[in-house]
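Given next are the chains, with one letter for each unit.
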Amino acid sequence: MKEIVAPTYPLSREAFCKALRTGHGRAVVQATQFGAEPFRNDILVAATTSLSFDDQIEGTRERWLAELVIAADLVDAVIATPIHDDLDAFRPRCLLLRELAPRRPELVRAALREAAGFDKSVVVESALIELVDLEGVDGLIFGVRRLGELLSTENGFWCDDVLLDRYDERHEQGAGRKFLARIGVRHLSPPTWCHRTFSLD
């Protein structure tokens, strides 16, 4: 069995980058207690791409990454880095933006709305879910309008009830459907409620 050896601080760049790849807490210890300056570019890369081989197994690490980004004074740089149409990195980036929202709420909301401009259901819904969390009703309306637009213009685009489900998690069961009904959305299968909300004045 390989012997487990406690890390020695400050970490070398090789050791720090390995910790970034594996998601080890020693990276946060280094950044918060011994300094992040030598590793700012490495942290920026980790925060704007995906270093995980499989997020379902390794996790998306957004809270851990947020600690690193804050320690390295990279909040504005991470938010300003465009979110590309990359299925591997898109969801982790949206989750990280949500973690950074308390520090730059307006910038994060703008970045998530820009990210919702893509035409793939998987990536778009990742951004819209976080907007529902951050904005409540405004995020829900923006989300269903955006999905309705895509359903109207993109062949093969699909959506489900994920936005309503997330809204309900923050309020009560059925709250999203009740709200849509109050503004005139009566037919609640996903394509219909998206189309209907999109067409409202």
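Basis of the calculations
Residues numbered from 1 in each chain as written. Predicted model: local features only at pLDDT ≥ 70, side-chain atom pairs only at ≥ 80, totals over all residues. Heavy atoms only, no water. Axes fitted to C-alpha atoms, helices over the stretch in contact; angles between N-to-C directions. Helix = DSSP H or I, 4+ residues; strand = E, 2+ residues; numbered from the N terminus. Left-handed = near helix turned anticlockwise from the far one by under 90°. Contact = heavy atoms within 4.5 Å. Nonpolar A, V, L, I, M, F, W, Y, C, P; charged D, E, K, R; others polar. Core = buried A, V, L, I, M, F, W, Y, C linked by side-chain atoms within 4.5 Å. Buried < 20%, exposed > 50% of the residue type's maximum accessible area, 1.4 Å probe, protein only. Phe/Tyr/Trp six-rings, centres within 6.5 Å; stacked < 30°, edge-to-face > 60°. Lys NZ or Arg CZ within 6 Å of the ring centre and 35° of its normal. Arc of directions from axis to C-beta. Salt bridge = Lys/Arg side-chain N within 4 Å of Asp/Glu carboxyl O.

Would you mind going over the packing of helix 3 (residues 40-48) against helix 5 (residues 62-71) with me for this structure?
For any two helices packed against each other, the geometry is given by the interaxial angle and the distance between the axes. At their nearest, the axes of helix 3 and helix 5 sit 10 Å apart, and the two run at 145° to each other. Regarding helix 3 and helix 5, the two cross each other, and that crossing is left-handed. Residues Ile43, Ala46 and Ala47 of helix 3 lie in contact with helix 5, whose contacting residues are Leu65, Leu68 and Val69. The residue inventory of the contact of helix 3 with helix 5, partitioned by class, reads 6 nonpolar, no polar and no charged.

How should I be thinking about the nonpolar core in this particular structure?
Most often, soluble globular proteins keep nonpolar side chains buried together rather than apart. Core analysis: the biggest nonpolar cluster contains 55 residues, and Phe16, Ile43, Leu68, Val69, Leu100 and Leu163 have the highest contact counts within it. For phenylalanine 16, the contacting residues outside a window of four places in its chain are Leu11, Ala27, Gln30, Phe39, Ile43 and Leu68.

Sorry, what's going on with the environment of leucine 97 here?
Along the chain, leucine 97 turns up in helix 7 (residues 87-100). When the C-alpha atoms of leucine 97 and glutamate 130 are compared, they prove to be 8.5 Å apart, with 33 residues separating the residues in sequence. Leave out the neighbours within four places in its chain, and leucine 97 touches Ile79, Ile83, Val108, Ala111 and Leu112.

Please explain the side chain of glutamate 130 as it appears in this structure.
Considering the arrangement of structural elements, one finds glutamate 130 in helix 9 (residues 121-135). Residues contacting glutamate 130, with those up to four places away along its chain left out, are Cys94, Leu95, Arg98, Leu112 and Arg166.

I'm lost on the packing of aromatic side chains in this one. Help?
Aromatic ring pairs are described here by two measures, namely the spacing of the ring centres and the angle between the planes. Scanning the entire structure with this criterion turns up 2 aromatic pairs. Their ring planes at 5° and their centres at 5.0 Å tell us that tyrosine 9 and phenylalanine 34 sit as a pair that is stacked. Here phenylalanine 34 lies in helix 2 (residues 26-34) and tyrosine 9 lies in the segment before helix 1 (13-22), a separation of 25 residues in the sequence. Given a relative accessible area of 43%, phenylalanine 34 falls into the partly exposed group. Aromatic pair phenylalanine 16 and phenylalanine 39: ring centres 4.1 Å apart, planes at 15°, arrangement stacked. Residue phenylalanine 16 is located in helix 1, and its partner phenylalanine 39 is located in the loop between helix 2 and helix 3; the two are separated by 23 residues in the primary sequence. Among the residues examined, phenylalanine 39 registers a relative accessible area of 4% and is labelled buried. Above the ring of tryptophan 64, the side-chain terminus of arginine 61 is found at 5.9 Å from the ring centroid.

Please explain helix 1 as it appears in this structure.
Residues three or four positions apart in an α-helix share a direction because the helix packs 3.6 residues into each turn. Of the positions making up helix 1, those classed as buried are Phe16, Ala19 and Leu20. Projected onto a plane normal to the axis of helix 1, the buried residues spread over an arc of 105° and lie on a single side. In this structure, helix 1 carries Glu14 and Lys18 as exposed residues pointing more than 90 degrees from its buried face. As for helix 1, its buried residues are in contact with helix 2, helix 3 and helix 5. Immediately downstream of helix 1, the backbone of glycine 23 shows phi near 80°, a positive value.

Looking at this structure, I do not really get unusual backbone geometry. What am I missing?
Leaving glycine aside, a negative phi is the common case for residues, and trans is the common case for peptide bonds. Residue tyrosine 9 is joined to proline 10 through a cis peptide bond whose omega torsion reads -5°. Summarising the element assignment, proline 10 is placed in the segment before helix 1. Phi is positive for aspartate 73, which is not a glycine, with a value near 55°. For aspartate 73, a relative accessible area of 62% corresponds to the exposed category.

I keep staring at the pattern of salt bridges and nothing clicks. Help me out?
Where charged atoms from two side chains of opposite charge come close, those side chains can pair. Under the definition given, this model contains 16 salt bridges. Across the pair glutamate 62 and arginine 98 runs a salt bridge, and its minimum N-O distance is 3.9 Å. Here glutamate 62, found in helix 5, pairs with arginine 98, found in helix 7; they are 36 residues apart in sequence, far enough to count as distant. One salt bridge connects arginine 98 with aspartate 133, and the closest N-O pair in it is separated by 3.5 Å. With arginine 98 in helix 7 and aspartate 133 in helix 9, this pair connects stretches of sequence that are 35 residues apart. One salt-bridge network, in which partners are shared between bridges, spans Glu62, Arg63, Arg98, Glu99, Glu130, Asp133, Arg166, Glu169 and Arg170.

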